[in-house]
Amino acid sequence: MKLDVNALGTFYRMAREGAGIAAGRLTRMTGVDTRVGVTKLNFMRGSEIRSDFEDGREKVGVRVELSNGFDGHAMIVFDREGALNVVRTLMAESESESDEFDEFDEMTRSAVTELGQIMNNGFIDGWADVLGTVIDISTPDFIEGTTVDPFFEDLDEAPDEDDLALLFQSRIEAVDTEIGFSHYLFPDHDSMARILERQRADDHEGIEYDKLAGFDRMAKQGAQEVASAATTMTGIETTVNIRRLNFVSLEAIPEEIPPEMLVGVAFEFDGTPSGYLLFLFDEASAEEIVDAMVPTAPDEPFEDEMGKSAIKELGNIMASGFLDGWANVLDTTIDHSTPEFVRDIGSAVIDPVVIQLGENQEFAFVFDTEIQAEGREFDCDIYAIPDEDDLERALNDLDVERVDETPTTADFTDIEEDS
Amino acid sequence: MRTYGSEPGTPTTEPVQVGISEFVVSDQGLTLKAYGLGSCVAVALFDPDATVGALAHVMLPNGDENDSVDLKPGKFADTAIRAMLRRMVEEGADYTSVEAKIAGGSDMFQFESFGDGVGRRNVQAAKDELEKLGVPIVAEDVGGGRGRTVEFDTATGVLTIRTASDDGVEEL
């Protein structure tokens, strides 16, 4: 099975189209305005999906099996509170005392199932449209739980701890109310291979699916190097919190950045692959870091050069670590530019990069990494966006056997998985 | 990000968000808002006589040279401007009365690969297309190294621009 950007683009459009139709139906049903959040194709390991589910909040979901034009399972998952909110909205008109319930009795359960079914159908109709096929849907299963286990039960496509699954993730939010949910598609391997084959551009070789292990390995090595560089430079203990590979349309990258003041350090890198690398800190974290590095720094450190150069220096070391990690896995060399400091609001810090890449590509693989410090402000989001053709070449040259043997210095993912 | 269910004409206090690669046309006096423009460009068109306005949040200069335009005309300066004009005329605007205001197109990074600047290229493309169509640019706040958030009041044609610096509010 080979992946190519054209085919992944089709999957991406499926996810986006499906989310739009589902959002429209939710609006019609509840009368609440809805907004489609960022849609992503994630390459996620089973362990990451697990930690997504196990955030301490109870979950309820509605799962269906797909067949005919597309095989797999689709699942809509709400926070339990969120589901109750929807049901309250739905029943508010017919039942005056509906605010009182907070248990899943037969009626709420069937209301959630109906809701889930309508949303699932919305998504699936969107996918069928994009694929130009008919997809059959089984009767829905209602699932509740605090871990991923009941949701994954009897699911052949569910990824094991270290398996990398291609996952559609969409979020729909209701405007001004707390209804949010995630939608997952676990495609059947063969079914997906067929579609990938059909959608693949003729002039594109594509990436062998097994080489995705290389992606994951790159992300892992890069993140580890950054965390240890950050700890060395600042003396603040840091850990890799999230590490994820997304395939998104370029526009989705700036959309995801919150509209708040951000401090960042950006690089262009050149080699196999080339691309752009950005470290983004919220302002409080950036100030804390400068404080740790330069105790004599003024209160508003970014008004003068001292704070800027401290952050740039840190960025430079983190970038070297990150890209060395990649080069190590890919067995190539990657050079990077001098750091560029940026302090601005939200998406403005990243859109120049997206625009530059947008001249030649519509989608991008984004290595999305978040580093956190225990008990202190140190939140850093890392966006590594390689040039598409370069990345494809680098991965195809990759010897997967060698990847498995590449030694790692420390294993931060274990911390994430055990917690 | 697109909102589902907002009926046109519903009185609203919240500005309507115009996401990257999108445009919104309004003959209802809505306030349209584009957050965090770096090198992106906001193109606001307004017919003061018919009170029809539109705002685009464009990402790339040239759609005519790109094969994916059919999907999202709002993504490119040239195709977005043409699509907005067409929609505005459908909503009752007079082509010859439409005026333009543009903002954005900063260049915050000096990377080698960026050439003469991605923001600059976007601004130039917007200006070229407006000139080609004979739409006068009555005000602009473009270039530089800071991001901008713009709010366009389609009842008055006022374009409000905020930057990250403390004194950063400007009306065009």
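Definitions and limits used
- Residues numbered from 1 in each chain as written.
- Chains lettered and ligands numbered in written order.
- Predicted model: local features only at pLDDT ≥ 70, side-chain atom pairs only at ≥ 80, totals over all residues.
- Heavy atoms only, no water.
- Helix = DSSP H or I, 4+ residues; strand = E, 2+ residues; numbered from the N terminus.
- Buried < 20%, exposed > 50% of the residue type's maximum accessible area, 1.4 Å probe, protein only.
- Areas by Shrake-Rupley, 256 points an atom, 1.4 Å probe, with all protein chains shown as cover.
- Domains from an automatic or database assignment.
- Contact = heavy atoms within 4.5 Å.
- Buried area = accessible area lost by both parts, 1.4 Å probe.
- Salt bridge = Lys/Arg side-chain N within 4 Å of Asp/Glu carboxyl O.
- Polar contact = N/O pair within 3.5 Å; in protein donor to acceptor, adjacent residues only side chain to side chain.
- Nonpolar A, V, L, I, M, F, W, Y, C, P; charged D, E, K, R; others polar.
- Pairing = 2+ DSSP bridges.
- pLDDT = per-residue confidence, 0-100.

Observations concerning the overall build of chain B
Counting secondary structure elements, chain B contains two helices and 11 strands. Its helices and strands taken in sequence order, chain B reads β-β-β-β-β-β-α-β-α-β-β-β-β from the N to the C terminus. Looking at chain B as a whole, 53% of its 172 residues are labelled buried. A total accessible area of about 7500 Å² is found for chain B, and carbon and sulfur atoms account for 44% of it.

Focus on the domain arrangement of chain A
The accessible area lost on association of the parts is a frequent measure of interface size. Residues and elements named next belong to chain A. Considered domain by domain, chain A is made up of domain 1 (2-199) and domain 2 (207-418). Counting residues at the interface gives 24 residues for domain 1 and 24 residues for domain 2. Roughly 2300 Å² is buried in total at the junction of domain 1 and domain 2, and carbon and sulfur atoms are behind 55% of that figure. Here domain 1 and domain 2 share one salt bridge between them. The salt bridge involving Glu362 is made with Arg13; its shortest N-O contact spans 3.9 Å. Scanning the region where domain 1 abuts domain 2 turns up two residue pairs in polar contact (both at pLDDT 80 or more). Of all elements in the fold, only β1 (2-3), α1 (5-30), β3 (40-45), α2 (46-53) and β8 (164-174) reach the threshold of two or more residues within the side of domain 1 that touches domain 2. The residue inventory of the side of domain 1 that touches domain 2, partitioned by class, reads 12 nonpolar, five polar and seven charged.

Observations regarding the sheet that holds strand β11 (residues 169-171) of chain B
Residue and element names in this part refer to chain B. Judged by pairing direction, the sheet is mixed, and its five strands sit side by side in the order β2-β4-β9-β10-β11 without closing on themselves. Of all strands in the sheet, those with a lone pairing partner are β2 (16-17) and β11, marking the two edges. Pairing between strand β10 (residues 159-163) and β11: three bridges, direction antiparallel. The residue bridging Thr160 from the neighbouring strand is Glu171, located in β11.

Focus on the confidence of the model for chain B
All names here are of chain B. In this model, chain B carries an average pLDDT of 88, and 88% of its residues clear a pLDDT of 70 or more. Between the elements of chain B, mean pLDDT differs from a low of 61, seen in strand β1 (residues 3-4), to a high of 97, seen in strand β5 (residues 41-47). Both scores are available for the predicted complex, with the pTM at 0.82 and the ipTM at 0.88.

Structural notes on the interface of chain A and chain B
Taken together, the contact pairs 41 residues of chain A with 36 residues of chain B. With both chains or domains summed, chain A and chain B bury close to 3200 Å², and 59% of this area falls on carbon and sulfur atoms. Linking Asp344 of chain A and Arg146 of chain B is a salt bridge whose minimum nitrogen-to-oxygen distance equals 3.7 Å. Between chain A and chain B we count 16 residue pairs in polar contact (both at pLDDT 80 or more) in total. Mapped by element, the contributors of at least two residues to the side of chain A that touches chain B are α1, β2 (34-36), α8 (252-255), β12 (261-271), β15 (340-345) and α11 (351-358) of chain A. It is α11 of chain A that contributes the most residues to the side of chain A that touches chain B, seven residues altogether. Each residue belonging to the side of chain A that touches chain B can be placed in one class, and the counts come to 19 nonpolar, nine polar and 13 charged.

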